[in-house]
Amino acid sequence: MRTVLSSTFNILRASGLTTVFGNPGSNELPFIGNLPNDFSYVMGLNEAVVVGIADGYAQASGGPALVNLHSAAGTGNAMGALTNAWYAHSPLVITSGQQVREHMGGEAMLSNVAATTLPQPLVKLALEPALPADVPRSMAQAVHSAMLHPRGPVYVSIPYDDWDRELDTEVQARRVRQGGGLPAGDLDEIAARLSTSERPVLVLGGDVDAAQANALAVRLADRAGLPVWIAPSPYRCPFPTRHPRFQGVLPASMRGVSAALAGHDLILVVGAPVFRYHQYEPGPLLPDGASLVHITSDPGEAARAWSGDAFVGDVPGTLDGLLRRLPEKQAPAPVPRPRQVLSSGPERVFETLNQVAPESAIYVTESTSTADAFWTTIDISAQGGFYFPAAGGLGFGLPAALGVQLAQPERKVIAVIGDGAANFAIPALWTAARYDIPVTYLILQNNAYGALRGFADLMDIQHPPGLDVSGIDFCSIAEGYGVRAERAEAGPHLADVLKPAMDADAPSVIVIPT
Ligand code: TPP
(Lines give C-alpha, C1' and ligand atoms only; values in the text may rest on other atoms or scores of the structure.)
Protein backbone atom coordinates (compact mmCIF):
# COMPACT_ATOMS: atom_id res chain seq x y z
CA MET A 1 0.00 0.00 0.00
CA ARG A 2 1.35 3.45 -0.96
CA THR A 3 1.00 5.90 1.93
CA VAL A 4 2.29 9.34 2.85
CA LEU A 5 4.72 7.54 5.17
CA SER A 6 6.10 5.05 2.63
CA SER A 7 6.45 7.76 -0.02
CA THR A 8 8.23 10.09 2.41
CA PHE A 9 10.67 7.34 3.38
CA ASN A 10 11.43 6.84 -0.34
CA ILE A 11 12.21 10.53 -0.73
CA LEU A 12 14.37 10.58 2.40
CA ARG A 13 16.22 7.42 1.34
CA ALA A 14 16.93 8.86 -2.11
CA SER A 15 18.36 11.97 -0.38
CA GLY A 16 20.64 9.93 1.89
CA LEU A 17 18.58 10.95 4.91
CA THR A 18 18.30 7.63 6.76
CA THR A 19 19.48 8.87 10.17
CA VAL A 20 16.91 10.74 12.23
CA PHE A 21 18.23 13.02 15.01
CA GLY A 22 15.36 13.61 17.37
CA ASN A 23 13.54 13.89 20.63
CA PRO A 24 9.99 12.60 20.40
CA GLY A 25 6.57 13.41 21.77
CA SER A 26 3.24 11.83 20.99
CA ASN A 27 2.84 13.83 17.74
CA GLU A 28 6.03 12.24 16.39
CA LEU A 29 5.41 8.61 17.37
CA PRO A 30 3.56 7.62 14.15
CA PHE A 31 6.65 8.73 12.16
CA ILE A 32 9.52 7.40 14.27
CA GLY A 33 7.60 4.31 15.36
CA ASN A 34 7.48 3.08 11.77
CA LEU A 35 11.07 3.70 10.63
CA PRO A 36 12.15 1.10 8.06
CA ASN A 37 15.07 -1.19 8.94
CA ASP A 38 17.58 0.83 6.97
CA PHE A 39 16.80 3.96 9.02
CA SER A 40 18.28 4.71 12.43
CA TYR A 41 17.30 7.08 15.22
CA VAL A 42 19.79 9.07 17.31
CA MET A 43 18.20 10.33 20.49
CA GLY A 44 19.12 13.60 22.20
CA LEU A 45 17.71 14.42 25.62
CA ASN A 46 16.63 17.91 24.62
CA GLU A 47 16.27 19.78 21.36
CA ALA A 48 19.39 21.96 21.76
CA VAL A 49 21.32 18.70 21.86
CA VAL A 50 19.43 17.24 18.89
CA VAL A 51 20.02 20.27 16.64
CA GLY A 52 23.64 20.57 17.82
CA ILE A 53 24.38 16.96 16.86
CA ALA A 54 22.64 17.37 13.50
CA ASP A 55 24.49 20.65 12.81
CA GLY A 56 27.85 18.97 13.45
CA TYR A 57 26.82 16.01 11.32
CA ALA A 58 25.64 18.13 8.38
CA GLN A 59 28.73 20.34 8.41
CA ALA A 60 31.18 17.45 8.70
CA SER A 61 29.44 15.22 6.15
CA GLY A 62 28.82 17.99 3.61
CA GLY A 63 25.25 16.78 3.15
CA PRO A 64 21.85 17.38 4.73
CA ALA A 65 20.83 16.07 8.17
CA LEU A 66 17.32 15.06 9.19
CA VAL A 67 15.91 16.36 12.49
CA ASN A 68 12.62 15.46 14.17
CA LEU A 69 11.40 17.86 16.87
CA HIS A 70 8.43 17.79 19.16
CA SER A 71 5.84 20.31 18.00
CA ALA A 72 6.03 23.92 19.29
CA ALA A 73 7.84 23.29 22.57
CA GLY A 74 10.55 21.24 20.90
CA THR A 75 10.96 23.87 18.20
CA GLY A 76 11.25 26.58 20.82
CA ASN A 77 13.98 24.67 22.62
CA ALA A 78 15.82 24.28 19.32
CA MET A 79 15.89 27.98 18.39
CA GLY A 80 19.17 28.91 20.12
CA ALA A 81 20.91 26.04 18.36
CA LEU A 82 19.33 27.14 15.08
CA THR A 83 21.14 30.50 15.27
CA ASN A 84 24.41 28.59 14.90
CA ALA A 85 23.08 26.34 12.12
CA TRP A 86 21.83 29.39 10.22
CA TYR A 87 25.18 31.21 10.22
CA ALA A 88 27.09 28.01 9.43
CA HIS A 89 24.89 27.50 6.33
CA SER A 90 24.08 24.09 7.73
CA PRO A 91 21.49 22.19 5.62
CA LEU A 92 19.20 20.83 8.33
CA VAL A 93 15.91 19.29 7.23
CA ILE A 94 13.81 19.80 10.34
CA THR A 95 10.46 18.08 10.76
CA SER A 96 8.11 18.52 13.67
CA GLY A 97 4.99 16.64 14.59
CA GLN A 98 1.69 18.53 14.52
CA GLN A 99 -1.68 17.69 16.12
CA VAL A 100 -4.17 15.94 13.81
CA ARG A 101 -5.72 18.35 11.31
CA GLU A 102 -9.27 18.15 12.77
CA HIS A 103 -7.88 19.07 16.20
CA MET A 104 -5.54 21.96 15.38
CA GLY A 105 -8.08 24.77 15.01
CA GLY A 106 -9.33 24.39 18.60
CA GLU A 107 -5.72 24.46 19.83
CA ALA A 108 -5.81 21.00 21.37
CA MET A 109 -2.75 20.19 23.51
CA LEU A 110 0.42 19.94 21.40
CA SER A 111 -1.01 21.98 18.53
CA ASN A 112 1.79 23.98 16.94
CA VAL A 113 -0.15 27.20 16.40
CA ALA A 114 1.38 29.25 13.54
CA ALA A 115 3.86 26.46 12.92
CA THR A 116 5.35 28.11 9.86
CA THR A 117 6.13 31.41 11.57
CA LEU A 118 7.52 29.93 14.80
CA PRO A 119 11.00 28.98 13.45
CA GLN A 120 11.40 32.19 11.45
CA PRO A 121 13.78 33.89 10.74
CA LEU A 122 16.21 31.03 11.34
CA VAL A 123 15.01 28.81 8.50
CA LYS A 124 15.09 29.34 4.74
CA LEU A 125 11.69 27.77 4.27
CA ALA A 126 8.89 26.74 6.63
CA LEU A 127 6.04 24.58 5.36
CA GLU A 128 2.96 22.85 6.67
CA PRO A 129 1.55 20.96 3.68
CA ALA A 130 -2.03 21.99 2.91
CA LEU A 131 -3.03 18.38 2.32
CA PRO A 132 -1.70 15.03 3.55
CA ALA A 133 -1.07 14.08 -0.08
CA ASP A 134 1.42 16.95 -0.38
CA VAL A 135 3.69 15.78 2.45
CA PRO A 136 6.16 13.72 0.36
CA ARG A 137 6.58 16.46 -2.26
CA SER A 138 7.00 19.05 0.50
CA MET A 139 9.72 16.92 2.06
CA ALA A 140 11.54 16.72 -1.28
CA GLN A 141 11.21 20.49 -1.64
CA ALA A 142 12.62 20.95 1.86
CA VAL A 143 15.67 18.78 1.14
CA HIS A 144 16.47 20.60 -2.12
CA SER A 145 15.90 23.98 -0.55
CA ALA A 146 18.25 23.17 2.37
CA MET A 147 20.99 22.10 -0.05
CA LEU A 148 20.75 24.94 -2.58
CA HIS A 149 23.21 27.78 -1.90
CA PRO A 150 23.11 29.58 0.39
CA ARG A 151 22.46 26.39 2.32
CA GLY A 152 20.54 26.50 5.57
CA PRO A 153 17.93 24.94 7.84
CA VAL A 154 14.37 24.31 6.59
CA TYR A 155 11.27 23.30 8.55
CA VAL A 156 8.26 21.10 7.81
CA SER A 157 5.37 20.69 10.25
CA ILE A 158 3.39 17.49 9.65
CA PRO A 159 0.05 16.60 11.28
CA TYR A 160 0.47 13.12 12.70
CA ASP A 161 -2.67 11.70 11.15
CA ASP A 162 -1.22 12.39 7.69
CA TRP A 163 1.25 9.51 7.76
CA ASP A 164 -1.13 6.59 7.15
CA ARG A 165 -3.17 8.31 4.37
CA GLU A 166 -3.13 6.42 1.08
CA LEU A 167 -1.69 8.11 -2.00
CA ASP A 168 -2.67 7.82 -5.66
CA THR A 169 0.64 9.11 -6.98
CA GLU A 170 4.19 8.23 -6.01
CA VAL A 171 6.36 11.34 -5.75
CA GLN A 172 9.50 10.96 -7.85
CA ALA A 173 12.93 11.53 -6.34
CA ARG A 174 14.64 14.17 -8.50
CA ARG A 175 18.06 15.72 -8.80
CA VAL A 176 18.39 19.48 -8.45
CA ARG A 177 21.70 20.88 -9.67
CA GLN A 178 22.93 24.41 -9.12
CA GLY A 179 25.31 26.28 -11.42
CA GLY A 180 26.84 29.48 -10.28
CA GLY A 181 30.41 29.98 -11.42
CA LEU A 182 31.14 33.63 -12.15
CA PRO A 183 30.97 34.78 -15.76
CA ALA A 184 34.36 34.93 -17.54
CA GLY A 185 34.30 38.74 -17.57
CA ASP A 186 34.02 38.93 -13.78
CA LEU A 187 36.84 36.41 -13.31
CA ASP A 188 38.98 38.42 -15.75
CA GLU A 189 38.30 41.58 -13.77
CA ILE A 190 39.20 40.03 -10.39
CA ALA A 191 42.33 38.37 -11.80
CA ALA A 192 43.41 41.68 -13.32
CA ARG A 193 42.87 43.50 -10.02
CA LEU A 194 44.98 40.82 -8.28
CA SER A 195 47.78 41.03 -10.86
CA THR A 196 47.98 44.81 -10.86
CA SER A 197 47.77 45.39 -7.12
CA GLU A 198 51.05 45.80 -5.27
CA ARG A 199 50.24 44.35 -1.87
CA PRO A 200 47.17 42.09 -2.11
CA VAL A 201 45.95 39.96 0.79
CA LEU A 202 43.57 37.00 0.98
CA VAL A 203 40.91 36.69 3.70
CA LEU A 204 39.09 33.35 3.93
CA GLY A 205 35.88 32.29 5.68
CA GLY A 206 34.13 29.14 6.79
CA ASP A 207 32.40 28.58 3.47
CA VAL A 208 35.78 27.77 1.89
CA ASP A 209 36.13 24.80 4.25
CA ALA A 210 32.45 23.91 3.78
CA ALA A 211 33.00 23.82 0.00
CA GLN A 212 36.07 21.55 0.42
CA ALA A 213 38.12 24.30 -1.21
CA ASN A 214 41.03 24.70 1.25
CA ALA A 215 43.55 23.19 -1.19
CA LEU A 216 42.43 25.63 -3.90
CA ALA A 217 42.88 28.52 -1.46
CA VAL A 218 46.43 27.32 -0.69
CA ARG A 219 47.21 27.14 -4.40
CA LEU A 220 45.87 30.64 -4.99
CA ALA A 221 47.85 32.05 -2.05
CA ASP A 222 51.06 30.38 -3.25
CA ARG A 223 50.54 31.33 -6.89
CA ALA A 224 49.81 35.00 -6.19
CA GLY A 225 52.08 35.30 -3.13
CA LEU A 226 49.23 36.32 -0.83
CA PRO A 227 49.40 36.54 2.94
CA VAL A 228 46.30 34.83 4.33
CA TRP A 229 44.01 35.76 7.20
CA ILE A 230 40.92 34.00 8.48
CA ALA A 231 37.87 36.31 8.51
CA PRO A 232 36.61 37.52 11.92
CA SER A 233 34.48 35.23 14.12
CA PRO A 234 35.53 31.96 12.41
CA TYR A 235 33.43 28.83 12.75
CA ARG A 236 35.54 26.59 10.48
CA CYS A 237 39.20 26.57 9.45
CA PRO A 238 39.72 27.34 5.75
CA PHE A 239 43.55 27.36 5.65
CA PRO A 240 46.36 25.30 7.24
CA THR A 241 47.45 27.12 10.38
CA ARG A 242 51.15 26.21 9.97
CA HIS A 243 51.36 27.37 6.37
CA PRO A 244 54.07 30.07 6.17
CA ARG A 245 51.58 32.47 4.57
CA PHE A 246 49.06 32.13 7.42
CA GLN A 247 48.79 35.33 9.46
CA GLY A 248 46.06 34.42 11.98
CA VAL A 249 42.43 35.30 12.63
CA LEU A 250 41.36 38.89 12.00
CA PRO A 251 40.05 40.79 15.03
CA ALA A 252 36.26 41.17 15.04
CA SER A 253 35.92 44.95 14.93
CA MET A 254 36.04 47.66 12.28
CA ARG A 255 39.11 49.28 13.75
CA GLY A 256 40.78 45.91 14.35
CA VAL A 257 40.32 44.71 10.77
CA SER A 258 41.57 47.90 9.17
CA ALA A 259 44.59 48.01 11.49
CA ALA A 260 45.51 44.37 10.84
CA LEU A 261 45.24 44.84 7.07
CA ALA A 262 47.02 48.21 6.96
CA GLY A 263 49.38 48.58 4.02
CA HIS A 264 47.45 46.27 1.67
CA ASP A 265 45.95 47.81 -1.46
CA LEU A 266 43.62 44.91 -2.41
CA ILE A 267 41.71 42.70 0.02
CA LEU A 268 40.26 39.56 -1.57
CA VAL A 269 37.64 38.00 0.72
CA VAL A 270 36.36 34.51 -0.14
CA GLY A 271 33.55 32.54 1.52
CA ALA A 272 32.94 34.91 4.43
CA PRO A 273 30.72 37.85 5.30
CA VAL A 274 32.41 41.27 5.06
CA PHE A 275 32.71 41.22 7.99
CA ARG A 276 31.13 39.51 10.95
CA TYR A 277 32.17 42.02 13.59
CA HIS A 278 31.61 41.50 17.31
CA GLN A 279 32.99 44.18 19.63
CA TYR A 280 31.94 47.69 18.58
CA GLU A 281 35.13 49.60 17.89
CA PRO A 282 34.21 52.06 15.18
CA GLY A 283 36.95 53.02 12.79
CA PRO A 284 37.70 53.01 9.12
CA LEU A 285 36.12 50.03 7.38
CA LEU A 286 39.22 49.46 5.27
CA PRO A 287 42.82 50.61 5.55
CA ASP A 288 43.80 53.75 3.65
CA GLY A 289 44.15 53.18 -0.09
CA ALA A 290 42.68 49.65 -0.05
CA SER A 291 39.85 48.27 -2.16
CA LEU A 292 38.00 45.03 -1.45
CA VAL A 293 36.72 42.21 -3.66
CA HIS A 294 34.18 39.92 -2.01
CA ILE A 295 33.39 36.43 -3.34
CA THR A 296 30.45 34.68 -1.71
CA SER A 297 27.78 32.14 -2.63
CA ASP A 298 25.30 33.94 -0.35
CA PRO A 299 23.43 36.87 -1.99
CA GLY A 300 22.37 38.12 1.46
CA GLU A 301 26.00 38.33 2.55
CA ALA A 302 26.84 40.20 -0.66
CA ALA A 303 24.00 42.69 -0.23
CA ARG A 304 24.57 43.55 3.43
CA ALA A 305 28.38 43.82 3.38
CA TRP A 306 29.92 46.99 4.77
CA SER A 307 32.33 47.52 1.93
CA GLY A 308 33.76 46.18 -1.31
CA ASP A 309 32.60 44.94 -4.70
CA ALA A 310 30.74 41.67 -4.20
CA PHE A 311 30.61 38.80 -6.70
CA VAL A 312 28.02 36.11 -5.98
CA GLY A 313 29.25 32.77 -7.24
CA ASP A 314 30.33 29.34 -6.24
CA VAL A 315 33.51 29.35 -4.11
CA PRO A 316 35.56 26.45 -5.58
CA GLY A 317 34.59 27.39 -9.15
CA THR A 318 35.69 30.98 -8.58
CA LEU A 319 39.01 30.01 -6.97
CA ASP A 320 39.66 27.61 -9.84
CA GLY A 321 38.73 30.27 -12.41
CA LEU A 322 41.18 32.73 -10.82
CA LEU A 323 43.97 30.13 -10.74
CA ARG A 324 43.50 29.54 -14.46
CA ARG A 325 43.96 33.23 -15.10
CA LEU A 326 47.09 33.79 -13.03
CA PRO A 327 50.57 33.07 -14.38
CA GLU A 328 51.83 29.53 -13.60
CA LYS A 329 54.94 30.62 -11.72
CA GLN A 330 54.86 30.33 -7.95
CA ALA A 331 55.55 33.37 -5.81
CA PRO A 332 58.69 33.02 -3.66
CA ALA A 333 57.99 31.33 -0.32
CA PRO A 334 57.85 33.70 2.64
CA VAL A 335 59.99 33.27 5.72
CA PRO A 336 57.95 31.22 8.21
CA ARG A 337 56.77 33.19 11.21
CA PRO A 338 58.53 32.24 14.44
CA ARG A 339 56.33 30.06 16.57
CA GLN A 340 55.05 31.78 19.67
CA VAL A 341 55.92 30.01 22.89
CA LEU A 342 53.26 30.59 25.49
CA SER A 343 53.17 29.56 29.05
CA SER A 344 50.01 30.44 30.94
CA GLY A 345 47.27 27.88 31.79
CA PRO A 346 45.22 27.29 28.64
CA GLU A 347 48.26 27.73 26.35
CA ARG A 348 50.07 24.94 28.20
CA VAL A 349 47.03 22.71 27.77
CA PHE A 350 46.95 23.43 24.04
CA GLU A 351 50.72 22.81 23.67
CA THR A 352 50.27 19.36 25.16
CA LEU A 353 47.14 18.70 23.15
CA ASN A 354 48.95 19.66 19.97
CA GLN A 355 51.75 17.22 20.73
CA VAL A 356 49.53 14.22 21.39
CA ALA A 357 46.66 14.76 18.93
CA PRO A 358 46.87 13.03 15.55
CA GLU A 359 47.48 15.31 12.56
CA SER A 360 44.04 14.53 11.18
CA ALA A 361 42.31 15.41 14.48
CA ILE A 362 39.13 17.47 14.31
CA TYR A 363 38.66 20.15 16.95
CA VAL A 364 35.24 21.28 18.09
CA THR A 365 35.76 24.21 20.41
CA GLU A 366 33.56 26.27 22.67
CA SER A 367 35.97 27.83 25.10
CA THR A 368 35.51 31.50 24.54
CA SER A 369 38.33 33.23 26.40
CA THR A 370 40.97 30.85 25.03
CA ALA A 371 40.31 31.42 21.31
CA ASP A 372 43.53 33.41 20.70
CA ALA A 373 45.63 30.83 22.52
CA PHE A 374 43.98 28.06 20.50
CA TRP A 375 44.73 29.63 17.11
CA THR A 376 48.35 30.42 17.96
CA THR A 377 49.08 26.98 19.40
CA ILE A 378 47.11 24.29 17.58
CA ASP A 379 48.13 22.96 14.17
CA ILE A 380 45.22 22.34 11.83
CA SER A 381 46.23 21.12 8.43
CA ALA A 382 43.47 18.88 7.13
CA GLN A 383 40.20 20.01 5.58
CA GLY A 384 37.29 20.06 8.06
CA GLY A 385 39.55 20.29 11.12
CA PHE A 386 37.73 22.91 13.20
CA TYR A 387 34.17 23.79 14.24
CA PHE A 388 32.92 26.56 16.53
CA PRO A 389 29.35 27.85 17.09
CA ALA A 390 28.80 30.06 14.04
CA ALA A 391 26.52 32.50 15.87
CA GLY A 392 28.43 32.26 19.15
CA GLY A 393 25.42 30.54 20.75
CA LEU A 394 26.67 28.33 23.56
CA GLY A 395 25.42 24.75 23.66
CA PHE A 396 26.90 23.79 20.29
CA GLY A 397 30.21 22.18 21.21
CA LEU A 398 29.20 19.17 23.30
CA PRO A 399 26.54 17.87 20.88
CA ALA A 400 28.15 19.04 17.61
CA ALA A 401 31.27 17.03 18.45
CA LEU A 402 29.08 13.91 18.42
CA GLY A 403 27.62 14.74 15.01
CA VAL A 404 31.07 15.46 13.60
CA GLN A 405 32.37 12.14 14.97
CA LEU A 406 29.41 10.24 13.48
CA ALA A 407 30.08 11.85 10.09
CA GLN A 408 33.87 11.29 10.27
CA PRO A 409 34.34 7.98 12.09
CA GLU A 410 37.94 7.58 10.82
CA ARG A 411 39.15 10.83 12.42
CA LYS A 412 39.61 11.66 16.09
CA VAL A 413 37.24 14.35 17.38
CA ILE A 414 38.50 16.42 20.31
CA ALA A 415 36.10 18.88 21.91
CA VAL A 416 37.52 21.76 23.95
CA ILE A 417 34.72 23.20 26.04
CA GLY A 418 34.64 25.98 28.65
CA ASP A 419 33.13 25.19 32.03
CA GLY A 420 30.46 27.83 31.40
CA ALA A 421 29.65 26.58 27.90
CA ALA A 422 29.49 22.95 29.04
CA ASN A 423 26.28 23.57 30.95
CA PHE A 424 24.25 24.66 27.94
CA ALA A 425 23.92 21.17 26.44
CA ILE A 426 25.42 18.81 29.01
CA PRO A 427 22.85 16.00 28.36
CA ALA A 428 24.75 15.41 25.10
CA LEU A 429 27.02 13.25 27.27
CA TRP A 430 24.18 10.75 27.62
CA THR A 431 24.00 10.41 23.82
CA ALA A 432 27.80 9.98 23.72
CA ALA A 433 27.55 7.11 26.21
CA ARG A 434 24.40 5.50 24.78
CA TYR A 435 25.73 5.34 21.21
CA ASP A 436 29.37 4.91 22.29
CA ILE A 437 30.61 7.87 20.24
CA PRO A 438 34.35 8.17 21.03
CA VAL A 439 34.74 11.95 21.37
CA THR A 440 37.42 13.13 23.81
CA TYR A 441 36.05 16.11 25.75
CA LEU A 442 38.36 18.55 27.51
CA ILE A 443 36.48 20.79 29.89
CA LEU A 444 38.62 23.80 30.81
CA GLN A 445 37.55 24.80 34.30
CA ASN A 446 38.41 28.41 35.14
CA ASN A 447 35.30 28.69 37.36
CA ALA A 448 34.17 31.77 35.45
CA TYR A 449 32.50 33.22 32.41
CA GLY A 450 35.99 34.38 31.42
CA ALA A 451 35.09 35.95 28.09
CA LEU A 452 32.46 38.13 29.76
CA ARG A 453 35.03 39.37 32.25
CA GLY A 454 37.09 40.48 29.23
CA PHE A 455 34.06 42.15 27.68
CA ALA A 456 33.20 43.88 30.95
CA ASP A 457 36.69 45.44 30.95
CA LEU A 458 36.31 46.47 27.30
CA MET A 459 32.88 48.00 27.95
CA ASP A 460 33.94 49.57 31.24
CA ILE A 461 31.33 47.72 33.28
CA GLN A 462 32.62 47.57 36.83
CA HIS A 463 30.97 44.70 38.70
CA PRO A 464 28.75 42.51 36.54
CA PRO A 465 27.06 39.85 38.68
CA GLY A 466 26.97 36.14 37.97
CA LEU A 467 30.27 35.60 36.20
CA ASP A 468 31.63 33.27 38.87
CA VAL A 469 30.44 29.77 38.03
CA SER A 470 32.51 27.80 40.50
CA GLY A 471 31.47 24.67 42.37
CA ILE A 472 30.54 22.36 39.49
CA ASP A 473 31.75 18.76 39.69
CA PHE A 474 31.92 17.82 36.02
CA CYS A 475 33.43 14.38 36.68
CA SER A 476 30.38 13.36 38.71
CA ILE A 477 28.02 14.82 36.13
CA ALA A 478 29.76 13.02 33.25
CA GLU A 479 29.82 9.75 35.15
CA GLY A 480 26.15 10.23 35.98
CA TYR A 481 25.44 10.27 32.25
CA GLY A 482 27.66 7.19 31.77
CA VAL A 483 30.85 8.79 30.42
CA ARG A 484 34.25 7.97 31.94
CA ALA A 485 35.77 11.12 33.46
CA GLU A 486 38.89 12.27 35.29
CA ARG A 487 40.58 15.45 36.45
CA ALA A 488 44.05 16.33 35.21
CA GLU A 489 46.37 19.27 35.81
CA ALA A 490 48.00 21.23 32.99
CA GLY A 491 51.67 20.34 32.88
CA PRO A 492 54.01 17.50 32.02
CA HIS A 493 51.63 14.72 33.10
CA LEU A 494 48.68 15.88 31.06
CA ALA A 495 49.91 13.95 28.02
CA ASP A 496 49.75 10.70 30.03
CA VAL A 497 46.05 11.34 30.60
CA LEU A 498 45.19 12.65 27.14
CA LYS A 499 46.89 9.91 25.12
CA PRO A 500 44.98 6.88 26.45
CA ALA A 501 41.72 8.84 26.41
CA MET A 502 42.25 9.63 22.71
CA ASP A 503 43.23 6.07 21.85
CA ALA A 504 40.14 4.62 23.53
CA ASP A 505 37.09 3.61 21.52
CA ALA A 506 34.78 5.27 24.02
CA PRO A 507 33.85 8.83 24.93
CA SER A 508 35.66 10.46 27.83
CA VAL A 509 35.71 13.73 29.73
CA ILE A 510 38.90 15.25 31.08
CA VAL A 511 38.40 18.18 33.41
CA ILE A 512 41.41 20.52 33.51
CA PRO A 513 41.61 23.41 35.98
CA THR A 514 42.96 26.49 34.18
N1 TPP B 1 24.03 32.31 26.24
C2 TPP B 1 24.25 31.69 25.06
C3 TPP B 1 23.27 30.68 24.55
N4 TPP B 1 25.32 31.96 24.31
C5 TPP B 1 26.20 32.89 24.74
N6 TPP B 1 27.24 33.14 23.96
C7 TPP B 1 26.03 33.52 25.99
C8 TPP B 1 24.92 33.20 26.72
C9 TPP B 1 26.98 34.62 26.48
N10 TPP B 1 28.33 34.12 26.76
C11 TPP B 1 29.36 34.33 25.92
S12 TPP B 1 30.80 33.74 26.49
C13 TPP B 1 30.08 33.19 27.89
C14 TPP B 1 28.72 33.46 27.90
C15 TPP B 1 27.80 33.06 28.97
C16 TPP B 1 30.90 32.54 28.95
C17 TPP B 1 31.45 31.21 28.60
O18 TPP B 1 32.21 30.74 29.66
P19 TPP B 1 33.17 29.51 29.55
O20 TPP B 1 32.58 28.47 28.69
O21 TPP B 1 33.56 29.10 30.91
O22 TPP B 1 34.42 30.05 28.74
P23 TPP B 1 35.47 31.18 29.17
O24 TPP B 1 34.95 32.46 28.61
O25 TPP B 1 35.60 31.18 30.64
O26 TPP B 1 36.71 30.74 28.45
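None of the values given here were measured: they were computed from a predicted structure.

**Student:** Residues and numbers for the site of the ligand, please.
**Tutor:** In the vicinity of the ligand lie 17 residues, with Thr368, Ser369, Gly420, Ala421 and Ala451 positioned nearest. Contact between the ligand and Thr368: an oxygen atom at 2.6 Å from a side-chain N or O atom of the residue. Contact distances for the ligand include 2.7 Å between an oxygen atom and a side-chain N or O atom of Asp419. Taken by itself the ligand offers 590 Å² of open surface, and the protein chains cover 78% of this. Per-element tally for the shell around the ligand: the top contributor is helix 17 (residues 450–459), with 3 residues.

**Student:** Hey, could you go over the UniProt feature "domain: Thiamine pyrophosphate enzyme TPP-binding" (unreviewed entry) in the chain for me, with residue numbers and the actual values?
**Tutor:** Taking the UniProt record as the reference, the feature "domain: Thiamine pyrophosphate enzyme TPP-binding" (unreviewed entry) is found at residues 386–512. The distance separating the terminal C-alpha atoms of residues 386–512 is 21 Å; by composition the span is 35% helix and 18% strand.

**Student:** An account of the packing of helix 7 (residues 184–196) against helix 12 (residues 315–325) is requested, with residue identities and associated values reported.
**Tutor:** At their nearest, the axes of helix 7 and helix 12 sit 9 Å apart, and the two run at 60° to each other. For the pair helix 7 and helix 12, the crossing hand works out as right-handed. Seen from helix 7, the contacting residues are Ala184, Leu187, Asp188, Ile190 and Ala191; seen from helix 12, they are Thr318, Gly321, Leu322 and Arg325. In terms of residue class, the contact of helix 7 with helix 12 is built from 5 nonpolar, 2 polar and 2 charged.

**Student:** An account of helix 19 (residues 494–503) is needed here, citing residue identities and associated values.
**Tutor:** Every buried residue belonging to helix 19 is among Leu494, Ala495, Val497, Leu498, Ala501 and Met502, and all of these are buried. Take helix 19 and look down its axis: the buried residues cluster within an arc of 160°, on one side only. Relative to its buried face, helix 19 has exposed residues pointing more than 90 degrees away, namely Asp496 and Asp503.

**Student:** Would you mind going over the sheet that holds strand 11 (residues 291–296) in detail, with residue names and values included?
**Tutor:** Across a sheet, strands are paired by hydrogen bonds formed along the backbone, either parallel or antiparallel in direction. The strand order across the open sheet formed by 6 strands is 9-8-7-10-11-12, and the pairing between neighbours is parallel. Because the sheet does not close on itself, it has two edges, and the strands there are strand 9 (246–249) and strand 12 (309–312). Shown here is a sheet whose adjacent strand axes are inclined to one another by a mean of 20°, direction ignored. Relative to strand 11, strand 10 (residues 266–270) runs parallel, the two sharing 5 bridges. Bridging from a neighbouring strand, Leu266 pairs with Ser291 of strand 11. Against the sheet, helix 9 (residues 214–224) makes contact with strand 7 (200–204), strand 8 (228–230) and strand 10, and its axis sits at roughly 170° relative to strand 7, the strand it touches most.

About the criteria used
Residues numbered from 1 in each chain as written. Predicted model: local features only at pLDDT ≥ 70, side-chain atom pairs only at ≥ 80, totals over all residues. Heavy atoms only, no water. Near = heavy atom within 4 Å. Polar contact = N/O pair within 3.5 Å; in protein donor to acceptor, adjacent residues only side chain to side chain. Areas by Shrake-Rupley, 256 points an atom, 1.4 Å probe, with all protein chains shown as cover. Helix = DSSP H or I, 4+ residues; strand = E, 2+ residues; numbered from the N terminus. UniProt positions renumbered as here; feature names shortened; annotations may be inferred. Axes fitted to C-alpha atoms, helices over the stretch in contact; angles between N-to-C directions. Left-handed = near helix turned anticlockwise from the far one by under 90°. Contact = heavy atoms within 4.5 Å. Nonpolar A, V, L, I, M, F, W, Y, C, P; charged D, E, K, R; others polar. Buried < 20%, exposed > 50% of the residue type's maximum accessible area, 1.4 Å probe, protein only. Arc of directions from axis to C-beta. Pairing = 2+ DSSP bridges.

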